[in-house]
Amino acid sequence: MIQAAVVRFPGSNCETETLRALEAVGLSADFVWHRDDTLQGADVVVLPGGFSYGDYLRSGAIARFSPIMGAVREHANAGGAVFGICNGFQILCESGLLPGALMRNARLTFVSRPVTVCVERTTTPFTGGYTEGATLTLPVAHGEGRFVASAEVVRELRAEGRVVLQYLAGHNPNGSTADIAGISNAAGNVVGIMPHPERANNGMLNNDTGAGFFTSMASWTSALKGVA
Amino acid sequence: MRFRILVRVMPRAGLLDPEGQAVERALVELGFREAGEARVGRAIELTIEAGSAEDAGRQAQSMCERLLANPVTEDFSLEVIAA
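Residues numbered from 1 in each chain as written. Chains lettered and ligands numbered in written order. Predicted model: local features only at pLDDT ≥ 70, side-chain atom pairs only at ≥ 80, totals over all residues. Heavy atoms only, no water.

Asker: Is there a simple way to explain the layout of surface pockets in this structure?
Answerer: A probe as big as a water molecule, rolled over the atoms, marks out the empty space that is left. Here the largest pocket defines a volume of roughly 480 Å³. Lining the largest pocket are 25 residues, with Arg58, Arg104 and Glu144 of chain A together with Arg42 and Glu74 of chain B positioned closest to its centre. Looking at the lining of the largest pocket, the elements with two or more residues in it are α3 (87-94) and β5 (101-103) of chain A together with β1 (2-11) and α1 (18-29) of chain B. Within the lining of the largest pocket, the residues separate by chemical class into ten nonpolar, five polar and ten charged. (1 Å grid on protein atoms, 1.4 Å probe; cavity = no way out; pocket = protein on both sides within 12 Å on 5 of 7 lines; lining within 4 Å. Points joined across faces, edges and corners; volume = space filled by probe spheres on them. Helix = DSSP H or I, 4+ residues; strand = E, 2+ residues; numbered from the N terminus. Nonpolar A, V, L, I, M, F, W, Y, C, P; charged D, E, K, R; others polar.)

Set out below in structure tokens:
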């Protein structure tokens, strides 16, 4: 049994630092392979950044059919915590666990730089340690990060408080609708974000503003034990 | 019977298509000053073994809905040709 599972797809490339960031907050964590069909009893599942299946067809489109995604879906439906970072967010949208889609950046370039985002929702297993309205400077690194959804879905996300992270006005790096940088499902247990908190979780990286995502997961996991 | 399926997937009209815009600008730069409204999509070709053209079309339709096109951002069209 582990507390946190990081799914490794062919083409994932942020899984090691994601695993280390989970271990750094005291969570027992391990990789699960995309061909596995069990999450080893993990409370938290993270779909890491990278280019699963070479981003062929569309980012996340093929990863969505990996055997492990059946277990991820069951875990999500049972209220388990599922966190998608960058390519993980794209996979969650492709699999329908989150609404909308991530399209080619508006200005066509791959964007790799720090951006400033505002924490809009703190009632999730990943953002519980932040205060609402906190601004974070986190790195983004993506070519397909422009969040797109119908006007109706965007209204619903706003009305239900499901925008988790928002780019500060003027800091939208990719043309995302309504400056959306991360969203949750209705219950809040499934969240996807484009920025990379695992690259900003330690003073050695000159930026630890992303550490709160991992301490939030640790607190959420301990609270689960308290209940059980 | 074998059928050849030609699938055409295009970004939905009205959605920003930066790739199409870049191609259009390049065409204009090249001297094709009348070029406009360029869109870039994707073509996928495959073979299906099916009892009839209708059956092949139904299978291809399902492939598009489930994998080949994203229902949020793309539209597709299909052509079924007896191989």
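Asker: Whenever I open this one, helix α2 (residues 68-77) of chain A confuses me. Can you help?
Answerer: Because each turn of an α-helix spans 3.6 residues, side chains separated by three or four positions end up pointing in the same direction. Residue and element names in this part refer to chain A. All of the buried residues along α2 are Ile68, Met69, Ala71, Val72, His75 and Ala76. End-on view of α2: buried residues confined to an arc of 155°, all on one side of the axis. Projecting away from the buried face of α2 at angles above 90 degrees are the exposed residues Glu74 and Asn77. Residues of α2 that are buried sit in contact with β1 (4-8), β2 (29-33), β3 (44-47), β4 (81-85), α3 and β11 (190-193). Directly beyond the C-terminal end of α2, a positive phi value near 90° is found at Gly79. (Buried < 20%, exposed > 50% of the residue type's maximum accessible area, 1.4 Å probe, protein only. Arc of directions from axis to C-beta. Contact = heavy atoms within 4.5 Å.)

Asker: Would you explain the packing of aromatic side chains in this entry?
Answerer: Aromatic rings in a pair are described by how distant their centres are and how their planes are angled relative to each other. Residues and elements named next belong to chain A. One pass over the structure, following the stated rule, counts five aromatic pairs over all chains. The interplanar angle of 10° and the centroid separation of 4.5 Å between the aromatic rings of Phe83 and Phe126 together place this pair among those described as stacked. Of this pair, Phe83 sits in strand β4 while Phe126 sits in the loop between β6 (111-119) and β7 (135-142); the two residues are 43 residues apart in sequence, bridging distant segments of the chain. Following the ring pairs from residue to residue traces out a cluster consisting of Phe83, Phe126, Tyr130 and Phe213. When the ring centre of Phe31 is taken as reference, the NZ or CZ atom of Arg8 above it lies at 3.9 Å. (Phe/Tyr/Trp six-rings, centres within 6.5 Å; stacked < 30°, edge-to-face > 60°. Lys NZ or Arg CZ within 6 Å of the ring centre and 35° of its normal.)

Asker: Would you mind going over the environment of Leu78 of chain B with me for this structure?
Answerer: All names here are of chain B. Mapped onto the secondary structure, Leu78 falls in strand β3 (residues 74-82). Separated by 21 residues in the primary sequence, Leu78 and Gly57 have C-alpha atoms spaced 7.8 Å apart. Once residues lying within four places of it in the same chain are set aside, the contact partners of Leu78 are Ile5, Leu6, Val7, Gly57, Ala60, Gln61 and Cys64.

Asker: It is not clear to me how the interface of chain B and chain A should be interpreted in this structure. Could you clarify?
Answerer: Often, the extent of an interface is quoted as the loss of accessible area on bringing the components together. Opposite the 15 residues of chain B that make contact, chain A presents 16 residues. Counting the surface lost from both chain B and chain A, the interface buries some 1,300 Å², and carbon and sulfur atoms represent 64% of this. Three residues, Leu16, Pro18 and Leu67 of chain B, lead the burial of chain B against chain A; their summed loss comes to 35% of the area buried on that side. Our count for the contact surface shared by chain B and chain A stands at two salt bridges. Residue Glu74 of chain B pairs with Arg58 of chain A through a salt bridge whose shortest N-O separation is 3.6 Å. Counting across the chain B and chain A interface gives seven residue pairs in polar contact (both at pLDDT 80 or more). Among the secondary structure elements, those contributing two or more residues to the side of chain B that touches chain A are α1, β2 (42-49) and α2 (53-68) of chain B. Taken together, the residues that form the side of chain B that touches chain A break down as nine nonpolar, two polar and four charged. (Buried area = accessible area lost by both parts, 1.4 Å probe. Salt bridge = Lys/Arg side-chain N within 4 Å of Asp/Glu carboxyl O. Polar contact = N/O pair within 3.5 Å; in protein donor to acceptor, adjacent residues only side chain to side chain.)

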